[in-house]
Amino acid sequence: MNLKELKFAGKTARIPIIQGGMGIGVSRFRLAGAVAKAGGVGMISTAQIGYDEPDFESDTRGCNLRAIEKHIKLAKQEAGHGLVGANIMVALRDYADHVRAAVRAGADLIVCGAGLPADLPALADHPDTAIAPIVSTRKAASVLLRMWDKKYKRTADLLVIEGPKAGGHLGFQPRQLEDLAALHYEEEIKQIIQEKQIYEDKYGKAIPAVVAGGIFDQSDIKHAIALGADGVQIATRFVATEECDASMAYKKAYVKAQDQDVVIINSPVGMPGRAIQNAFIETARQGRISVQKCYQCIQTCRADETPYCITQALVNAVRGNLEQGLIFCGANVGRIKEITTVPALMRELTT
C-alpha cells in the first residue's frame, strides 16, 4: 500500500501511523521507541508512568515526572531519527506538570485527550514540540480551535479524531456506544476535517487529521484516508507485540479475548471506557471496591466516593494480576490471534 508521509510542524514520519498512548505502563519507551524506529510516531502514556519506580508509593508525583523524562529520552535513543511523543490526559491532577516535563525531555509531539486541553499552547510553548488535541465531535474541535485562535493566536499542529471503537476512555455517551451504526461517525469525521480547514486557511499551514478508533488493518487505513484523513492512530494492535511494555499475561489476554468479552464500563475518570470482561469488572459491578490509598491521579476523583481506584486497577493489570486489574482495549481486540513484533506489524499494515 502506497502511503504518504505524515508531515506536521516541520516534522516527518515516514509512515502515517501514530501509536496510541496506553496507560498505565502499556506504552512506555520500549514500544514507543520501536514504533518510531520503524517509521511511525511512537507515543508514551504519562498516566502514572512511574508506577514501578522504587519510591512510587511515597512520592507518586515525583516518580511520574522523573519517569516521563526518562522514558522519552530512552525512546528517542531507541528511535534514532524517529518521532517520539507523549500522550497526556487532561483529567490528570498533574496534567500541566506532565506537559512541561515532556517538553523538557524533547517530545516531538504532545497529544492530549480525556478533556479539552484549553491551555496546551501555553504549557507546550516550544518550537520543537508539536501539539495535538484529541476530539470526537465537530463541536469539540470547533470550540477548542476557536479558543486557541482567539487566546493564543495559534492553532493545532495535528488533530486526532477518535471514534467510538477506540479503547480506554471514550468521548461519547454510554447510550451512543450501544448502537455505533446510528452514530454515522464517518460523517462526523468529514465534518471535523471541514472544521480544521478553516484554521488551515487562516494560518496558511496544513493540520493533518489522524483518525483513531477501530483501525485494525490495511482496509481500515485505506478507508480512513478515503474519508480525508492524513494518517491513523492505532493502539490495540501494538499491545500484542514483543516490544509492548505490558506483562506477557496482559498481552495474552488480548490474544485470548473474543468479541463477546468486550464491554463498556463506567470509569472513575467520569467517562465510559472499553475493556475486556474479567473478574475485576464483575466485582466492581456488584458494589464499590474500597480504596486503600489515593494516588492523586484524577482531578475529579474522591477516594471516599470513587467506585474503585483506577490507578491500582490498571497497575495490577499491566503487571499481570489480571483478575484484580482493568484491561482496556479497542473494539477489535477479538481479531488479534497472535503476538508479533513491531516491525512485522508495521509491514503488515503498510505493504
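Structure shown above.
For clarity, every value in this text was computed on a predicted model and none was experimentally measured.

Colleague: So what exactly am I meant to see when it comes to the overall build of the chain here?
Modeller: The secondary structure content of the chain amounts to 13 helices and 13 strands. For the chain, the spread of C-alpha atoms along the three principal axes comes to 55 × 40 × 40 Å. The buried share of the chain, reckoned over its 351 residues, is 57%. When contacts within the chain are restricted to residue pairs at least 6 apart in sequence, long-range pairs at least 24 apart make up 66% of them. Accessible surface computed for the chain: about 14700 Å², of which carbon and sulfur atoms make up 48%.

Colleague: What's the story with a nonpolar patch on the surface in this structure? I'm lost.
Modeller: On the surface, a cluster of nonpolar side chains totalling about 200 Å² of accessible area is made up of Leu116, Val143 and Met147. Here Leu116 is to be found in the loop between β6 (109–113) and α4 (120–123).

Colleague: I tried to follow the pattern of salt bridges on my own but got confused; where do I start?
Modeller: As a working rule, side chains carrying opposite charge can pair if their charged atoms are close by. Counted by the stated rule, this structure contains 21 salt bridges. Across the pair Asp157 and Arg154 runs a salt bridge whose closest N-O atoms are separated by 2.9 Å. Overlapping salt bridges, with partners in common, bring together Glu53, Asp55, Arg66 and Lys70 in one network.

Colleague: Before we go on, may I ask you to explain the sheet that holds strand β12 (residues 262–266) in this structure?
Modeller: Two orientations exist for strands paired in a sheet by backbone hydrogen bonds: parallel and antiparallel. In spatial order, the strands read β9-β13-β12; together these three strands make up an open sheet with antiparallel pairing. Two strands in the sheet have a free side with no partner beyond their single neighbour: β9 (168–169) and β12. As paired elements, β12 and strand β13 (residues 272–276) share five bridges and run antiparallel to each other. Of the residues in β13, the one forming a bridge with Ile265 is Gly273.

Colleague: Explain the environment of Ile265 to me, please; I cannot follow it from the model alone.
Modeller: For Ile265, the location among the structural elements is in strand β12. For Ile265, a relative accessible area of 8% puts it in the buried group. Distance in space between the C-alpha atoms of Ile265 and Ala275 is 7.1 Å, their sequence separation being 10 residues. When near neighbours in sequence (up to four residues on either side) are disregarded, Ile265 contacts Met271, Pro272, Gly273, Ala275, Ile281, Tyr308, Leu326 and Phe328.

Colleague: Hey, could you run me through the environment of Pro16 in this one?
Modeller: Structurally, the position occupied by Pro16 is in the loop between β2 (11–13) and β3 (17–19). Once you skip the residues sitting within four places of it in the chain, Pro16 turns out to touch Leu3, Lys4, Leu6, Asp230, Gly231 and Val232.

Colleague: Any chance you could explain the packing of helix α2 (residues 60–79) against helix α3 (residues 95–104) here in plain terms?
Modeller: Helix packing geometry: the angle between the two helix axes and the distance between the axes. Contact geometry for α2 and α3: axes closest at 8 Å, N-to-C directions at 30°. With respect to α3, the axis of α2 lies roughly parallel. Between α2 and α3 lies a crossing whose hand is right-handed. Contacts from Arg61, Asn64, Leu65, Ile68, Glu69 and Ile72 in α2 reach Asp97, His98, Ala101, Ala102 and Arg104 in α3. Within the contact of α2 with α3, the residues separate by chemical class into five nonpolar, two polar and four charged.

Colleague: Would you mind going over α3 with me for this structure?
Modeller: Because each turn of an α-helix spans 3.6 residues, side chains separated by three or four positions in sequence point in the same direction. Considered for burial, the residues of α3 that qualify are Tyr95, His98, Val99, Ala101, Ala102 and Val103. The elements touched by buried residues of α3 are α2, β5 (83–89), β6 and α4. Two residues or fewer past α3, Gly106 is found with a positive phi of approximately 90°.

Colleague: I'm lost on the pairing of strand β11 (residues 231–234) in this one. Help?
Modeller: Residues in a regular strand point their side chains to alternate faces of the sheet. Side chains Gly231 and Gln233 project from β11 onto one buried face, and the interleaved Val232 and Ile234 project onto a second face that is buried too. Handedness of the β-α-β unit built from strand β10 (residues 209–212), helix α8 (residues 218–226) and β11 comes out right-handed.

Colleague: What is the right way to read the state of the cysteines from this model?
Modeller: Between two cysteines, a covalent bond joining their sulfur atoms is known as a disulfide. One pass over the structure, following the stated rule, counts zero disulfides. Unpaired in terms of disulfides, Cys244 finds its nearest cysteine sulfur in Cys329, a separation of 13 Å. Using a relative accessible area of 4% as the deciding quantity, one classes Cys244 as buried.

Colleague: It is not clear to me how the packing of helix α1 (residues 29–37) against α2 should be interpreted in this structure. Could you clarify?
Modeller: Their axes nearest at 8 Å, the elements α1 and α2 cross at an angle of 35°. The crossing of α1 and α2 is right-handed. Here α1 contributes Phe29, Ala32, Gly33, Ala34, Ala36 and Lys37 to the contact with α2, which in turn contributes His71, Leu74, Ala75, Glu78 and Ala79. Counted by class, the contact of α1 with α2 contains seven nonpolar, two polar and two charged residues.

Colleague: Can you walk me through the packing of aromatic side chains in this structure?
Modeller: Aromatic ring pairs are described here by two measures, namely the spacing of the ring centres and the angle between the planes. Applying the stated criterion to the full structure yields three aromatic pairs. With a centroid separation of 5.0 Å and 85° between ring planes, the pair formed by Phe280 and Tyr308 is classed as edge-to-face. Of the two residues, Phe280 is situated in helix α11 (residues 279–286) and Tyr308 in the loop between α11 and α12 (310–319); the sequence distance between them amounts to 28 residues. Pair check on accessibility: Phe280 and Tyr308 agree, each one buried.

Conventions and cut-offs
- Residues numbered from 1 in each chain as written.
- Predicted model: local features only at pLDDT ≥ 70, side-chain atom pairs only at ≥ 80, totals over all residues.
- Heavy atoms only, no water.
- Helix = DSSP H or I, 4+ residues; strand = E, 2+ residues; numbered from the N terminus.
- Buried < 20%, exposed > 50% of the residue type's maximum accessible area, 1.4 Å probe, protein only.
- Contact = heavy atoms within 4.5 Å.
- Areas by Shrake-Rupley, 256 points an atom, 1.4 Å probe, with all protein chains shown as cover.
- Patch = residues over 30% accessible without salt bridge, like charges linked within 9 Å, V, L, I, M, F, W, Y side chains within 5 Å.
- Salt bridge = Lys/Arg side-chain N within 4 Å of Asp/Glu carboxyl O.
- Pairing = 2+ DSSP bridges.
- Axes fitted to C-alpha atoms, helices over the stretch in contact; angles between N-to-C directions.
- Parallel < 35°, antiparallel > 145°, perpendicular 65-115°, else oblique.
- Left-handed = near helix turned anticlockwise from the far one by under 90°.
- Nonpolar A, V, L, I, M, F, W, Y, C, P; charged D, E, K, R; others polar.
- Right-handed = clockwise from strand over helix to strand, strands pointing away.
- Disulfide = S-S within 2.5 Å.
- Phe/Tyr/Trp six-rings, centres within 6.5 Å; stacked < 30°, edge-to-face > 60°.

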